[in-house]
Amino acid sequence: MRGALGGPRVLLRRLREVMAEPVSAQDRLDKIVVLIAANMVAEVCSIYVLRVDGTLELYATEGLNRSAVHLTVMRIDEGLVGTVAREAEAISLSNAQAHPAFSYRPETGEEIYHSFLGVPILRAGNTLGVLVVQNRAHRTYTEEEVEALQTTAMVLAEIIASGELTALAVPGAEPASRRPLHINGLALSDGIGLGHVVLHEPRIEVTKVIAEDVQSELARLDHAVETLRTSIDMLLEDEGVARVGEHREILEAYRMFAHDRGWIARMREAVMTGLTAEGAVERVQSDTRARMLRMTDPYLRERMHDLDDLANRLLRQLTGRSGGPEPIQLPENAVIVARNMSPAALLDYDRSRIRGLVLEEGAATSHLTIVARALNIAAVGHVENIVGQVDPGDAIIVDGVGGEVHVRPPADVEAAYAEKVRFRAKRLEQYAALRDLPTVTRDGVTIELHLNAGLLVDLPHIEETGATGIGLFRTELQFMIASAFPRTNEQLRLYRSVLDSAGERPVVFRTLDIGGDKVLPYMRAVEEENPALGWRAIRLGLDRPGLLRSQIRALLKAATGRELRLIFPMVSVVEEFDKARHIVERELTHLRRHGHGLPDRVLVGVMLEVPSLLFQLDELFSRIDFASVGSNDLVQFLFAADRGNSRVADRFDPLSPPALRALKAIADAAARHGKSVTLCGELASRPLEALALAAIGYRKLSVSPASFGPVKAMLRELNLAAVAAVVAPLIEAGGSASIRQRLAAFAEASGLPL
Ligand code: PEP
Ligand code: MG
């Protein structure tokens, strides 16, 4: 390697000394550029910092005109420095002026320098600035030099992220690392939350990045990689884990990466430049993140996520935190930020302190979303790279209405949201005032409004809302959040509490709906190509009747002396219903024979959520006591669009003739047979969709607690005959285009509160 006085390790040691000196921020930067230039035998070393306005400002230089410092400002689409910042990748050129992106700034006097090496200053994959060295001669920088400069940039990233440079900036042009962010995502759970960031998986803070002894750091890294490999092998050998389809795939990918020579070599190289093992892992992880953020191929992005997870495991090991994350102490007003999480993990937090939830992934009908809604937590999903862009404690606003997130919001945005929160509180008071009024449309049609529930935390909502009943009690939620199969007695206790809370009001219990996206962590899953179309819900219940039988027994016992309403999920052919009802009858006989008390009345029905039932409606309605339409699944299967897959979940609009015709056929069949039908999917929970459902004949809707007030307020203002007259011809006209706009226009013209 040419030049490099003492090499990168000496440089890092000197940098450490400068970092510790009690000097001003500007002096520190000035000393750093001198050190780097000398160490790399470069005539120029400059630091450019990315500002909140998206431009790059020269913060320090050795070699260029000092008078240009803080005056030279470049756009991010300008010059070589801009390219490095934009692409987050190093550029090394022996003849910079020949490069098409080269742009010349006369005030810097850089025209005499021919070779150029620029590296991004990255933190968690985000560009904070650019570090450049230049030489007069045509010089080719070696790989080692590029590597060394990148390592040095990591130290600069810490300085920028610490916020100490803000004092050097004019207002409005501060370093961008702590800038306010406004990111659009997908609204998952209604509500607005103002609070402070809590990372669900806390970042592992690497406090020591500069190595004392490179050989021992290499040994630490090798040992950590070895331990990581062994632990993944052990997990893969573990029967229980290995059988779960998706989980296994992830572990396989982990194993592949843990043996990836390129990845390991990059980390080893970083150690060779003078970083500690954890410093090296962090540096390579940051590069990976930067690449991940610029990747459009979803598959490759997912693999990058795997690599990111793996780096975290390594970091945990190297920093002695391999026992998993420590329990997090929530501040008041916590907003949980995560890539994704399980419903059980959300329930583990102290609800009273959570104001919101922000996810990089998430889907509108996933169970995590359902739990967030049950807990009344504002949630936004699909928020790109949110985990990498926040720090614990940052101020954050979650707008679960508009699907927006504001990080480190400016005072005016915060004030506007605080006002919105007050306004919403007032609206909630207005909804509360509707509590005892009937849900009757303006033209006198009664619509029964029920609640969807599944957890103990849902029960107070019955009283709060004045709901007619519980239209869907998802019994699997108790199973999903438990760490082992709930015993029959535990099930019995929950069902009894539900019936007690409901009092005289009807409750529809759905038998276990597991499989598909509803995974029980303690149950051995069968590996399936298409779990959503697989061995799930009633299919599993009929094939392994022990589980279904004991649940039905618990339900029958819980309803002693009262009415019990039961529905079976995912029924595809009427014979499945016959078989399930037969199990209920056998259990009733069993209880009777053993002298147990019995329910006064047992009504059995189905969840209508598989399209094949659309072609058995008469056979079905002549058998069942009542039906409930699961539009989440019905729409998923109608359009063959996975409800949990964010790329396709919202691709087709249920407010379009194909879906509305299917839903209307069900309502018509129920009316023909004089049987009751409720719509309990998330469709009913959105006022505009609820309006369409009422228009096509639904008189019973079951909604999430937070949607109860808005849907009720809308229905009480609705002229049902008028909307039916608008909707019917649109559906009859056919086509597949959404009628959402037309409905919204009707609602607006009629002054409906939506
Ligand atoms: C549905 O499918 O619409 C439904 C209500 O059930 P779940 O969301 O629990 O599948
Ligand atoms: Mg369903």
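Position labels on residues start from 1 in each chain and follow its written sequence. All chains are assigned letters beginning with A, and all ligands numbers beginning with 1, in the order in which they are written. Only residues with pLDDT of at least 70 get local features here, since the model is predicted, and only at 80 or more are side-chain atom pairs given and counted; chain-wide, interface and lining totals rely on the full set of residues. Only hydrogens and water are removed before side-chain values are computed, so all heavy atoms of the structure are retained for them.

## Observations regarding the overall build of the protein
Applicable threshold: Secondary structure follows DSSP: runs of H or I at least 4 residues long count as helices, runs of E at least 2 residues long count as strands, and numbering of each begins at the N terminus. Burial classes follow relative accessibility: with a 1.4 Å probe on protein chains only, a residue under 20% of its type's maximum area counts as buried, one over 50% as exposed, and anything between as partly exposed. Throughout, a residue-residue contact means that at least one pair of heavy atoms, one from each residue, lies within 4.5 Å. Each accessible area is a Shrake-Rupley result for a 1.4 Å probe, and residues are judged covered by the shown protein chains and nothing else.
Tallying secondary structure elements over the protein gives 27 helices and 22 strands in all. Across its three principal axes, the protein shows a C-alpha extent of roughly 90 × 60 × 45 Å. Counting only residues that meet the buried cut, the protein has 54% of its 754 residues in that class. Residue pairs at least 24 apart in sequence account for 68% of intrachain contacts in the protein once pairs closer than 6 positions are excluded. Looking at the protein as shown, the accessible area adds up to about 31600 Å², and 52% of this sits on carbon and sulfur atoms.

## Quick notes on the coordination of the magnesium ion (ligand 2)
Inclusion rule: With water omitted from the atoms examined, metal sites may look incomplete; donors here are N, O and S atoms no farther than 2.8 Å from the metal, or 3.2 Å in the case of Na, K and Ca.
Donor atoms from the polypeptide that bind the magnesium ion (ligand 2) are E609 (OE) and D633 (OD), placed at 2.0 to 2.1 Å. Linking E609 in the loop between β19 (601–608) and α21 (617–623) with D633 in helix α22 (residues 631–638), this pair joins segments that are 24 residues apart in sequence. The exposure class assigned to D633 is buried, which follows from its relative accessible area of 2%.

## Section: the domain arrangement of the protein
For clarity, the threshold we go by: These domain boundaries are the output of an automatic or database domain assignment. As used here, buried area is the combined drop in accessible area, with a 1.4 Å probe, of two parts when they are placed together. Criterion for a salt bridge: a side-chain nitrogen of Lys or Arg within 4 Å of a carboxyl oxygen of Asp or Glu.
Each domain of the protein was delimited in the assignment, giving domain 1 (8–178), domain 2 (181–199 + 331–425), domain 3 (214–318) and domain 4 (434–750). Here domain 1 and domain 2 have C-alpha centroids that lie 36 Å from each other. Between domain 1 and domain 2, the residue contacts involve five residues of the former and six residues of the latter. Between domain 1 and domain 2, roughly 440 Å² of surface is buried when both sides are summed, and carbon and sulfur atoms account for 20% of that area. For the pair domain 1 and domain 2, the interface holds one salt bridge. Ionic pairing is found between R123 and D391, a salt bridge with its closest N-O pair at 3.7 Å.

## Quick notes on the pattern of salt bridges
For the structure shown, the criterion picks out 52 salt bridges. We note a salt bridge from R51 to E57, for which the minimum N-O separation is 2.7 Å. E57 carries the same exposure label as R51, and that label is buried. A salt bridge links R289 to D308; its shortest N-O distance comes to 3.1 Å. Remark: D308 occurs in helix α10 (residues 298–318) and R289 occurs in helix α9 (residues 277–293); sequence separation between them is 19 residues. In this structure, R289 and D308 share a single accessibility class: buried. In this structure, a network of salt bridges that share partners links the residues E476, R510, D513, R536, D633 and R643.

## Observations concerning helix α12 (residues 367–374)
Along α12, eight of the eight residues are buried, which leaves the element largely enclosed by surrounding structure. Taken as a whole, α12 has its buried residues at H367, L368, T369, I370, V371, A372, R373 and A374. Looking one or two residues beyond α12, the residue adopting positive phi is N376, at roughly 60°.

## Looking at the site of ligand 1
Selection rule: In these notes, residues near a molecule or strand are those with any non-hydrogen atom within 4 Å of it. Two N or O atoms form a polar contact when they lie within 3.5 Å of each other; inside protein one atom must be a possible hydrogen donor and the other a possible acceptor, and for residues adjacent in sequence the pair counts only when both atoms belong to side chains.
Residues in close proximity to ligand 1 total 15 residues, the closest being R474, R510, K518, N632 and R643. In the environment of ligand 1, an oxygen atom lies 3.4 Å from a nitrogen or oxygen atom belonging to the backbone of G630. One of the backbone N or O atoms of N632 is found 2.7 Å from an oxygen atom in ligand 1. For ligand 1, whose free accessible area comes to 290 Å², the fraction covered by protein is 100%. Counting residues per element, the ones that place at least two in the shell around ligand 1 are β16 (470–474) and α22. With three residues, the top contributor of residues to the shell around ligand 1 is α22.

## Digging into the side chain of T276
With respect to the secondary-structure elements, T276 resides in the loop between α8 (261–272) and α9. Residues in contact with T276, not counting those within four places in the same chain, are K208, V209, I210, A211, E217 and V271.

## Describing the nonpolar core
Operational definition: Put simply, a nonpolar core is a bunch of buried Ala, Val, Leu, Ile, Met, Phe, Trp, Tyr and Cys residues held in one set by side-chain atoms that sit within 4.5 Å of each other.
Core analysis: the biggest nonpolar cluster contains 115 residues, and Y698 and L701 have the highest contact counts within it. Counting the residues that make up this core, at least three belong to each of domain 2 (181–199 + 331–425) and domain 4 (434–750). Judged by nonpolar contacts, the second largest core, of 69 residues, contains L15, A42, Y141 and V271.

## A few points about unusual backbone geometry
With phi around 55°, A88 is a residue other than glycine that occupies positive phi space. Residue class for A88 comes out buried when judged on its relative accessible area of 9%. In this structure, H382 takes a positive phi of about 55° despite not being glycine. You can see H382 is positioned in the loop between β12 (378–381) and α13 (386–389).

## Here's the deal with the sheet that holds strand β2 (residues 55–62)
The condition is simple: Think of it this way: DSSP has to see at least two bridges between two strands before they count as a pair. All axes here are fitted lines through C-alpha atoms, helices being fitted over the stretch that makes contact, and every angle between N-to-C directions spans 0 to 180 degrees.
Strands sit in the order β3-β2-β1-β6-β5-β4 across an open sheet of six strands; the sheet is antiparallel. Every other strand in the sheet has two partners, leaving β3 (73–75) and β4 (91–93) as the edge strands with one partner each. Averaged over neighbouring strand pairs, the angle between their axes works out to 25° when direction is ignored. Across six bridges, strand β1 (residues 44–50) lies against β2 in antiparallel orientation. Each bridged residue has a counterpart across the sheet, and for V49 the counterpart in β2 is E57. Across the sheet, helix α3 (residues 79–87) is in contact with β1, β2, β3, β4, β5 (115–123) and β6 (126–135); its angle to β5 comes to roughly 35°. Sheet contacts for helix α4 (residues 143–161): β1, β5 and β6; angle to β5, the most-contacted strand, approximately 45°.

## A closer look at the sheet that holds strand β9 (residues 192–199)
Two pairing modes exist for strands in a sheet, parallel and antiparallel, and in both the strands are linked by backbone hydrogen bonds. Judged by pairing direction, the sheet is mixed, and its eight strands sit side by side in the order β7-β14-β13-β9-β10-β11-β12-β8 without closing on themselves. Looking at which strands have only one partner, the edges of the open sheet turn out to be β7 (181–184) and β8 (186–189). Between one strand axis and the next, the sheet turns by 30° as a mean value, whatever way the strands run. Both β8 and β12 contribute to a ladder of three bridges, which runs antiparallel. Counted as the bridge partner of A187 is V380 from β12. Where α12 meets the sheet, it contacts β8, β11 (354–359) and β12, and its direction lies at approximately 60° from that of β8. Of the strands in this sheet, β9, β13 (395–399) and β14 (404–407) are in contact with helix α14 (residues 411–434), which crosses β9 at around 120°.

## Remarks on the pairing of β19
Short version of the rule: For crossovers, right-handed means that the path from the first strand over the helix to the second runs clockwise, given strands pointing away from the viewer.
For β19, a buried count of six out of eight residues is recorded, marking the element as mostly surrounded by other parts of the structure. For the segment spanning strand β18 (residues 563–568), helix α20 (residues 574–593) and β19, crossover handedness is right-handed. Sheet topology note: the β19/strand β20 (residues 626–629) ladder contains four bridges and is parallel. Within β20, the position partnered with L608 by the bridge is V629.

## Thoughts on the side chain of D391
The topology assignment puts D391 in the loop between α13 and β13. Only 2.9 Å separates the side chain of D391 from the side chain of R203, close enough to count as a polar contact. Setting aside residues no more than four positions away along its own chain, D391 makes contact with R123, R178, V197, R203 and R408.

## Some details on the packing of helix α26 (residues 720–733) against helix α27 (residues 740–749)
Each pair of packed helices gets described by two things: the angle between the helix axes and the distance between those axes. For clarity, the threshold we go by: Any angle that is under 35 degrees is reported as roughly parallel, and any over 145 degrees as roughly antiparallel; angles of 65 to 115 degrees are reported as roughly perpendicular and all others as oblique. Note on convention: the crossing is left-handed when the near helix lies turned anticlockwise from the far helix by less than a right angle, right-handed when the turn is clockwise. Gly counts as polar in this scheme, as do all residues outside two lists: the nonpolar Ala, Val, Leu, Ile, Met, Phe, Trp, Tyr, Cys and Pro, and the charged Asp, Glu, Lys and Arg.
As a packed pair, α26 and α27 sit with axes 11 Å apart at the nearest point and diverge in direction by 165°. The angle between the axes of α26 and α27 places the two elements in the roughly antiparallel class. In this structure, α26 meets α27 at a crossing whose hand is right-handed. Each of A722, V723, V726, V727 and L730 in α26 lies in contact with α27, whose residues at this interface are R742, L743 and F746. Its residues placed into classes, the contact of α26 with α27 shows seven nonpolar, no polar and one charged.

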